[in-house]
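# Chains, contacts and geometry: an overview
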Amino acid sequence: MTLLHRPDPFVLGLLLGVVVIAAFVVLNERVGVVGGFADFVERVTGRRSALGWKAWFVVGVVGGGLLFRLLAGAPTFRHGFGWLTRNLDGGLVAVVLVVAGVAIGYGAKTAGGCTSGNGLGGCATGSRASLTATGTFMATAIAVSFAIKAFT
Amino acid sequence: MTRVRIASVLLGAGFGFLLSWGQFIDPDRIRDMLLLRDPYMWEMFATAVAVAFVALRLLKRARVRSLLTGEPVAWSTAQPERRHVVGAAIFGVGWAVSDVCPGPVAAQVGQGIAWSVPLLAGVGLGILLSLRREEAPAKTQPASRAARAPGPVMPASNPD
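Since this is a predicted model, take the numbers as computed values, not measurements.

## Some words on the overall build of chain A
Looking only at helices and strands, chain A features seven helices and zero strands. When the helices and strands of chain A are listed from N to C terminus, the series reads α-α-α-α-α-α-α. Once the C-alpha set of chain A is aligned to its principal axes, its extents read approximately 45 × 40 × 30 Å. In chain A, which comprises 152 residues, the share counted as buried stands at 57%. Look at the contacts in chain A between residues 6 or more apart in sequence, and 45% of them connect residues 24 or more apart.

What follows is the structure, given as structure tokens:
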């Protein structure tokens, strides 16, 4: 098994679960990524005076991607950017990604978390709000994906 | 504070490494998941939540204390509100269109994927719009009403 091949999903799930647990054992905090991005936005716009722990967590996620790339020797990424670059011109892809990013940032911040904060951390605590949000964004994403498939 | 920062970076690095190893950062993998063509991501996600769900309860029952805060491991939970459904639905649309969510965006930046830049810019703009919307009612509230209902618009139990 090399880093360019996915590990068994149950092994990877166990390891990601350990990260969620470790965040509580070390910091007594719930993992979350959009909260880290929000820390940066709040810092840049003068809404907070210092970066919170989640911003540093995001710095680590970026570093983890870089570390993986260095150790694997190649990106775990196929050519292009999924269905977007197969169906749209480059300029339009960038515009669509900005708009999709706005929906991701606005929606996740409003819902109090993304797939990490609500999906992993929130569901692991048994939060009904996180379970509701996770069920909603997964059902929506599945429905929209099938709609995109029907039109492409 | 420095110890908290170092611990946060190390935890994030582990998270980003695992997201990369599981190929979460590849939009085609997420598309296969959302089109229900590949059970891999669902099996991984369910395992991660189940492991953490059980372990957190065992930690709480054993009254384990957090290494850096010294507090007993604990968490708050929130009841569902309209914003959880509306926000999650909007997020779900963005996730399905881009086939990337915030964690993988950060890992993509680390792997040097150029397409993560416009997506990241959009995420930042979306967060800013959400912050401005949160702040707007507080500014327009009548003084008497604002005095009766001080405090943050969003509950403190936000997991984001």
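What follows continues from the structure just given.
## Quick notes on the interface of chain B and chain A
The interface of chain B with chain A comprises 108 residues on the first partner and 116 residues on the second. Summed over both partners, the interface of chain B with chain A comes to about 10300 Å²; 73% of that surface belongs to carbon and sulfur atoms. Counting across the interface, chain B meets chain A through four salt bridges. Linking chain B to chain A there are 27 residue pairs in polar contact (both at pLDDT 80 or more). For the side of chain B that touches chain A, the secondary structure elements donating two or more residues are α1 (2–21), α2 (27–34), α3 (40–61), α4 (82–98), α5 (102–111) and α6 (116–140) of chain B. With 17 residues, α6(B) is the single largest residue contributor to the side of chain B that touches chain A.

## Structural notes on unusual backbone geometry
Positive phi is not limited to glycine here, since Asn28(A) has a value of about 60°. Structurally, Asn28(A) is set in the loop between α1 (9–27) and α2 (34–44). Residue classification places Asn28(A) among the buried positions, given a relative accessible area of 12%. Phi angles above zero are rare outside glycine, and Gln23(B) is one such case at about 60°. Its place among the elements puts Gln23(B) in the loop between α1 and α2. The class of Gln23(B) is buried, set by a relative accessible area of 7%.

## Digging into empty space enclosed by the protein
Enumeration over the complete set of coordinates arrives at two cavities of 30 Å³ or more. The space that makes up the largest cavity amounts to roughly 140 Å³. Contributing elements (two or more residues each) for the lining of the largest cavity: α6 (115–125) of chain A together with α1 and α3 of chain B. Residue classes in the lining of the largest cavity are distributed as 13 nonpolar, two polar and no charged.

## Quick notes on α2(A)
Residue and element names in this part refer to chain A. For α2, the buried fraction is high: eight of the 11 residues fall into the buried class. Here α2 has its buried residues at Val 34, Gly 35, Gly 36, Phe 37, Ala 38, Asp 39, Val 41 and Glu 42. Looking one or two residues beyond α2, the residue adopting positive phi is Gly 46, at roughly 75°.

## Considerations on the side chain of Arg30(A)
Tracing the backbone through its elements, the reader meets Arg30(A) in the loop between α1 and α2. Glu29(A) provides the closest opposite charge to the buried, salt-bridge-free Arg30(A), at an N-O distance of 7.3 Å. A polar contact is formed between the side chain of Arg30(A) and the backbone oxygen of Ser76(B), at a distance of 2.3 Å.

## Focus: the domain arrangement of chain B
Residues and elements named next belong to chain B. Here the domain parsing of chain B yields domain 1 (2–38 + 78–142) and domain 2 (41–75). A separation of 22 Å is found between the C-alpha centroids of domain 1 and domain 2. Contacts between the two partners involve 11 residues from domain 1 and, on the opposite side, four residues from domain 2. Summed over both partners, the interface of domain 1 with domain 2 buries about 680 Å², with 81% contributed by carbon and sulfur atoms. For domain 1, the biggest contributors to the area lost against domain 2 are Arg 3, Phe 24 and Met 33; these three give 59% of the whole. Viewed at the interface, domain 2 and domain 1 are joined by zero salt bridges. Seen at the junction of domain 1 and domain 2, the total is one residue pair in polar contact (both at pLDDT 80 or more). Among the elements of the structure, α1 and α2 are those that each provide at least two residues to the side of domain 1 that touches domain 2. By residue class, the composition of the side of domain 1 that touches domain 2 is six nonpolar, two polar and three charged.

## Notes on the pattern of salt bridges
Summed over all chains, the structure comprises eight salt bridges over all chains. In this structure, Arg47(A) and Glu135(B) form a salt bridge, with 2.6 Å as the shortest nitrogen-oxygen distance. Pair noted here: Arg47(A) is in the loop between α2 and α3 (53–72) and Glu135(B) is in helix α6, and the two residues belong to different chains. Given a relative accessible area of 31%, Arg47(A) falls into the partly exposed group. A salt bridge links Arg86(A) to Asp28(B), with the nearest nitrogen and oxygen atoms 3.0 Å apart. Here Arg86(A) is found in helix α4 (residues 82–87), whereas its partner Asp28(B) is found in helix α2 on a different chain. Classification of Arg86(A) by relative accessible area gives exposed; the value is 53%. If you follow the salt bridges from partner to partner, you end up with Asp39(A), Glu42(A) and Arg48(A) in one network.

What counts and how
- Residues numbered from 1 in each chain as written.
- Chains lettered and ligands numbered in written order.
- Predicted model: local features only at pLDDT ≥ 70, side-chain atom pairs only at ≥ 80, totals over all residues.
- Heavy atoms only, no water.
- Helix = DSSP H or I, 4+ residues; strand = E, 2+ residues; numbered from the N terminus.
- Buried < 20%, exposed > 50% of the residue type's maximum accessible area, 1.4 Å probe, protein only.
- Contact = heavy atoms within 4.5 Å.
- Buried area = accessible area lost by both parts, 1.4 Å probe.
- Salt bridge = Lys/Arg side-chain N within 4 Å of Asp/Glu carboxyl O.
- Polar contact = N/O pair within 3.5 Å; in protein donor to acceptor, adjacent residues only side chain to side chain.
- 1 Å grid on protein atoms, 1.4 Å probe; cavity = no way out; pocket = protein on both sides within 12 Å on 5 of 7 lines; lining within 4 Å.
- Points joined across faces, edges and corners; volume = space filled by probe spheres on them.
- Nonpolar A, V, L, I, M, F, W, Y, C, P; charged D, E, K, R; others polar.
- Lys, Arg positive; Asp, Glu negative; His and termini not counted.
- Domains from an automatic or database assignment.

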